[in-house]
Amino acid sequence: MTALRRPLRAAATTELASLIILLANLATVHLPAVSSLAGPLHGCAYLFTLGAVARDPDRTPRAIVLACVPGIGGMLALRRLGTVRRPLGVAPR
């Protein structure tokens, strides 16, 4: 993993973890305090993930579409960005 993708990995992990917390809260006691904290955190992480994937030099249309999937999309896009292969001598876009 390059230093360029470190913030993307953190945002994708935060997005997934906050979605799990939101769903667990909804399935159990549904505390409003948990929802009011995890909801905006999930939204911000989701938007940051979309922006980070869109700005990545190795982005592909498929990676951008994968990033749009809530929860796991950031992780899927990271995986896709990690498999992009460029011929030698070709600079990123």
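For the structure, see preceding data.
Remember, it's a predicted structure, so these values are computed and weren't measured experimentally.

Student: Please provide a residue-by-residue account of the overall build of the protein, values included.
Tutor: Scanning the protein for helices and strands turns up four helices and zero strands. The order of α-helices and β-strands along the protein, N terminus first, is α-α-α-α. Expressed as a percentage of its 93 residues, the buried residues of the protein come to 26%. A fraction of 58% describes how many contacts in the protein between residues 6 or more apart in sequence connect residues 24 or more apart. For the protein, the exposed surface amounts to about 6,000 Å²; the carbon and sulfur share of it is 71%.

Student: Report on the packing of helix 1 (residues 6–27) against helix 2 (residues 32–55), specifying residues and quantitative values.
Tutor: At their nearest, the axes of helix 1 and helix 2 sit 8 Å apart, and the two run at 150 degrees to each other. When the axes of helix 1 and helix 2 are compared, the crossing they make is left-handed. Two secondary-structure elements touch here, helix 1 through Pro7, Leu8, Ala11, Ala12, Thr14, Glu15, Ser18, Leu19, Ile21, Leu22 and Asn25 and helix 2 through Val34, Ser35, Ala38, Gly39, Leu41, His42, Ala45, Tyr46, Phe48, Thr49, Ala52 and Val53. Residue composition of the contact of helix 1 with helix 2, grouped by class: 15 nonpolar, seven polar and one charged.

Student: A description of helix 1 should follow, citing residues and the corresponding values.
Tutor: Residues separated by three or four positions in an α-helix point in the same direction, a consequence of the helix having 3.6 residues per turn. Counted at 1.5 Å a residue, the expected span for helix 1 with its 22 residues is 32 Å, and the 32 Å between its end C-alpha atoms agrees. For helix 1, the full list of buried residues reads Leu8, Ala11, Ala12, Glu15, Ser18, Leu22 and Asn25. Relative to the axis of helix 1, the buried residues are bounded by an arc of 160 degrees and lie together on one face. In helix 1, the exposed residues that point more than 90 degrees away from the buried face are Ile20 and Ala27. Packing partners of the buried residues in helix 1 comprise helix 2 and helix 4 (73–82).

Student: Explain the nonpolar core to me, using residue names and the numbers behind them.
Tutor: By size, the foremost hydrophobic cluster in this structure holds eight residues: Leu8, Ala12, Val53, Ala63, Ala67, Ala77, Leu78 and Leu81. Put simply, the parts of the chain that give this core at least two residues each are helix 1, helix 3 (61–67) and helix 4. Ranked by residue count, the leading element in this core is helix 4, at three residues. Setting aside its immediate chain neighbours within four residues, Ala12 contacts Thr49, Gly71, Gly74, Met75 and Leu78.

Student: Explain the pattern of salt bridges residue by residue, including any values.
Tutor: Here the structure, examined in full by the defined rule, presents two salt bridges. Among the salt bridges present, the one from Asp56 reaches Arg5, with a minimum N-O distance of 2.9 Å. Highlighted residues: Asp56 in the loop between helix 2 and helix 3 and Arg5 in the segment before helix 1, separated in sequence by 51 residues. Here the two residues Asp56 and Arg5 agree in accessibility, since each one is buried. Of the charged contacts in the structure, one is a salt bridge between Arg5 and Asp58, with a shortest N-O distance of 3.0 Å. Taken together, the residues Arg5 in the segment before helix 1 and Asp58 in the loop between helix 2 and helix 3 connect sequence positions 53 residues apart. In this structure, Arg5 and Asp58 share a single accessibility class: buried. In the salt-bridge network here, residues are joined through shared partners; they are Arg5, Asp56 and Asp58.

The rules behind each value
- Along each chain, residues carry numbers from 1 onward, in the same order as the chain's sequence is written.
- Note on the predicted model: pLDDT of at least 70 is required for a residue's local features to be given, and 80 or more for side-chain atom pairs to be given and counted; whole-chain, interface and lining totals, by contrast, use all residues.
- Hydrogens and water are ignored here; the side-chain numbers use all heavy atoms of the structure.
- In DSSP terms, a helix is any run of H or I states spanning at least four residues, a strand is any run of E spanning at least two, and both are numbered starting from the N terminus.
- Relative accessible area decides the class of each residue, using a 1.4 Å probe on protein chains only: under 20% of the type maximum gives buried, over 50% gives exposed, and in between gives partly exposed.
- When checking whether two residues touch, look at their non-hydrogen atoms; a contact exists if any pair is within 4.5 Å.
- With residues, only the protein chains shown are counted as cover, and all accessible areas are computed by Shrake-Rupley using a 1.4 Å probe.
- Convention adopted: a line fitted to C-alpha atoms gives each axis, helices being fitted over their contacting stretch, and angles between N-to-C directions are expressed from 0 to 180 degrees.
- If you view the pair so one helix is near and one far, a crossing is left-handed when the near helix is turned anticlockwise from the far one by less than a right angle, and right-handed when it is turned clockwise.
- Lys, Arg, Asp and Glu make up the charged group, whereas Ala, Val, Leu, Ile, Met, Phe, Trp, Tyr, Cys and Pro make up the nonpolar group; the residues left over, Gly among them, are polar.
- Expected span of a helix, by definition, is 1.5 Å for each gap between consecutive residues, and there is one gap fewer than residues.
- Comment: arc refers to directions from the helix axis out to C-beta atoms.
- By convention a nonpolar core is built from buried Ala, Val, Leu, Ile, Met, Phe, Trp, Tyr and Cys residues, the set being connected through side-chain atoms within 4.5 Å.
- Just to be clear on terms, a salt bridge is a Lys or Arg side-chain nitrogen sitting within 4 Å of an Asp or Glu carboxyl oxygen.

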